[in-house]
Amino acid sequence: MDSELTFKSGLKDVLPTTFGYIGIGLAFGIVGKTSGLSILAILMMSLMVYAGSLQFVIAGMLAANSPILGIVFAGFLINLRFMLMSTSMAQYFKKESLLQNILLGSLLTDETFALGMNKINYTDRKLNPVWLHTANIISYLVWAAASVVGGLIGNLIPDPNRLGVDFALVAMFIGLLYLQVISDRSKKLSLQLSVILFVLVAFYISLMFMSSNFAILLVTVLGCLFGMVLERWK
Amino acid sequence: MSMYVFMTFVGCGLITWLLRVVPFVLLKKFSLPKLAVEFLSFVPITIMAALFFESWFIGHPGHLPEINWENLIASGPTVVAAAITKNLLAIVIVGVITMAIVRLV
């Protein structure tokens with residue numbers, strides 16, 4: 001990653017993360033197909049909802065004939081974390097127009113958020129619309145394409161994820177987390193490692209009481225509070 | 001595609017879009033208090049860590065989480081690749097190859 005904030009650098013920076021979308025997008029397409037959705041429905045869901053874990057939940061709830069309001073409420077809870085990410089990200093675009101802010105927020109994901117937060121460590125804590133739009137739109141297109149391909153191959157050929165493609169997403173978060181920790185000089189290393197350890201323990205405990213979607217949200221909030229307390233206390 | 005399926009997408013799409021966009025709109029008008037900025041400064045590492053650790057466990061609410069050994073084992077070489085290369089593309093490739101090997105063995 002470098003200090004450039006151009007279309008070209010956006011393309012270069014987002015490339016590794018697209019592998020993550022391909023693995024999970026294929027998986028979603030396959031799951032969608034086997035749970036009875038048409039290719040058109042798979043494509044529409046990826047374009048209209050555009051939220052990885054929620055889409056798996058929707059496919060399952062549709063197959064179970066759940067009421068629409070119930071599915072929407074599940075979506076609200078699962079995606080509440082977007083408010084945290086958008087609030088963090090929006091601070092870097094206060095000078096841009098309202099329309100520009102709405103467009104930038106519309107396609108923000110876990111991945112482009114994490115990428116952006118990494119990027120600011122190399123750009124003197126600045127981001128611009130061209131760079132984020134590039135990352136967002138490439139991600140959006142790759143996600144839609146991968147989910148359609150997953151739906152098409154369905155159960156025709158062996159699942160490519162058996163070869164490890166699905167792990168691309170985890171590997172990407174490992175990489176982004178590692179790079180974030182070593183390059184963010186605004187926080188001490190010991191503080192960052194303490195927060196990460198806290199997240200691990202809190203996540204494990206939370207999983208005894210709730211599904212992982214809710215555990216992610218709860219642990220993110222608790223982890224931030226823990227970090228604040230630790231930073232002030234020292 | 002039935003009306004039921006389509007309306008589900010509309011509802012979920014709308015709620016997800018609002019969660020994404022409302023903070024951007026509000027922050028155009030209001031500034032965050034210092035305490036909130038401090039809180040948010042921890043969101044990147046906590047969310048990335050939570051999304052990473054999610055892969056290690058399979059939750060069964062009411063019981064101890066099960067360990068996902070495949071993901072846990074494949075994480076090792078991936079972290080090493082991160083430390084050595086500091087390059088996201090290389091990290092992802094090493095991760096996928098490691099997982100393919102773990103599943104073959």
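Treat the numbers as computed from the prediction; the structure is a model and nothing was measured.

So, the domain arrangement of chain A
Residues and elements named next belong to chain A.
Argument step 1. Looking at chain A, the domain boundaries give domain 1 (7–185) and domain 2 (187–234).
Argument step 2. Domain 1 and domain 2 are separated by 23 Å when their C-alpha centres are compared.
Argument step 3. Contact residues are listed per partner, giving twelve residues for domain 1 and ten residues for domain 2.
Argument step 4. Interface area for domain 1 against domain 2, summed over the two sides, is near 920 Å², with a carbon-plus-sulfur share of 69%.
Argument step 5. At the surface where domain 1 touches domain 2, the tally comes to zero salt bridges.
Argument step 6. Our count for the contact surface shared by domain 1 and domain 2 stands at four residue pairs in polar contact (both at pLDDT 80 or more).
Argument step 7. When contributions to the side of domain 1 that touches domain 2 are tallied by element, the ones reaching two or more residues are helix 3 (52–63), helix 4 (68–78), helix 5 (81–90) and helix 9 (167–183).
Argument step 8. When its residues are assigned to classes, the side of domain 1 that touches domain 2 shows seven nonpolar, two polar and three charged.

Some words on the UniProt feature "transmembrane region" (unreviewed entry) in chain A
Residues and elements named next belong to chain A.
Argument step 1. Under the feature "transmembrane region" (unreviewed entry), the UniProt entry names residues 20–44, 56–78, 137–157, 163–182, 189–207 and 213–230.
Argument step 2. Structurally, residues 163–182 is divided into 80% helix and 0% strand, and its ends, taken at the C-alpha atoms, are 30 Å apart.
Argument step 3. For residues 213–230, the helix share is 100%, the strand share is 0%, and the end-to-end C-alpha distance is 26 Å.

Concerning the packing of aromatic side chains
Argument step 1. Enumeration over the complete set of coordinates arrives at eleven aromatic pairs over all chains.
Argument step 2. Three or more aromatic residues link up through ring pairs in this structure, and these residues are Phe203(A), Tyr204(A), Phe52(B), Phe53(B), Trp56(B) and Phe57(B).
Argument step 3. A cation over an aromatic ring shows up here: Lys187(A) above the ring of Phe42(B), its NZ or CZ 4.4 Å from the ring centre.
Argument step 4. For Arg20(B), the ring lying beneath its charged end belongs to Phe82(A), and the centroid distance is 4.4 Å.

Some points on the interface of chain A and chain B
Argument step 1. Opposite the 103 residues of chain A that make contact, chain B presents 72 residues.
Argument step 2. For the chain A and chain B pair, buried surface summed over both sides reaches about 7,700 Å², with 79% attributable to carbon and sulfur atoms.
Argument step 3. Area buried by chain A at its contact with chain B is led by Lys94(A), Phe167(A) and Ile174(A), which between them contribute 8% of it.
Argument step 4. The tally of links from chain A across to chain B stands at two salt bridges.
Argument step 5. The shortest N-O distance in the salt bridge between Arg103(B) and Asp166(A) comes to 3.0 Å.
Argument step 6. Joining chain A to chain B, the criterion identifies 16 residue pairs in polar contact (both at pLDDT 80 or more).
Argument step 7. The biggest single contributor to the side of chain A that touches chain B is helix 9 of chain A, with 15 residues.

Quick look at helix 5 (residues 88–104) of chain B
Argument step 1. End to end, helix 5 of chain B covers 24 Å across 17 residues, agreeing with the expected 24 Å (1.5 Å per residue, within 8%).
Argument step 2. Looking only at helix 5 of chain B, the buried set comprises Leu88(B), Ile91(B), Val92(B), Gly95(B), Thr98(B), Met99(B) and Ala100(B).
Argument step 3. Where helix 5 of chain B is buried, its residues contact helix 1 (7–34), helix 7 (110–119) and helix 9 of chain A together with helix 4 (69–85) of chain B.
Argument step 4. One side-chain oxygen at the N-terminal end of helix 5 of chain B lies 2.9 Å from the backbone nitrogen of Leu89(B); it belongs to Asn87(B).

Overview of the environment of Pro67(A)
Residues and elements named next belong to chain A.
Argument step 1. Tracing the chain through its elements places Pro67 in the loop between helix 3 and helix 4.
Argument step 2. Given a relative accessible area of 58%, Pro67 falls into the exposed group.
Argument step 3. For Pro67 and Lys95, which are 28 residues apart along the polypeptide, the C-alpha to C-alpha distance reads 42 Å.

What counts and what doesn't
Residues numbered from 1 in each chain as written. Chains lettered and ligands numbered in written order. Predicted model: local features only at pLDDT ≥ 70, side-chain atom pairs only at ≥ 80, totals over all residues. Heavy atoms only, no water. Domains from an automatic or database assignment. Contact = heavy atoms within 4.5 Å. Buried area = accessible area lost by both parts, 1.4 Å probe. Salt bridge = Lys/Arg side-chain N within 4 Å of Asp/Glu carboxyl O. Polar contact = N/O pair within 3.5 Å; in protein donor to acceptor, adjacent residues only side chain to side chain. Helix = DSSP H or I, 4+ residues; strand = E, 2+ residues; numbered from the N terminus. Nonpolar A, V, L, I, M, F, W, Y, C, P; charged D, E, K, R; others polar. UniProt positions renumbered as here; feature names shortened; annotations may be inferred. Phe/Tyr/Trp six-rings, centres within 6.5 Å; stacked < 30°, edge-to-face > 60°. Lys NZ or Arg CZ within 6 Å of the ring centre and 35° of its normal. Expected span 1.5 Å × (residues − 1). Buried < 20%, exposed > 50% of the residue type's maximum accessible area, 1.4 Å probe, protein only.

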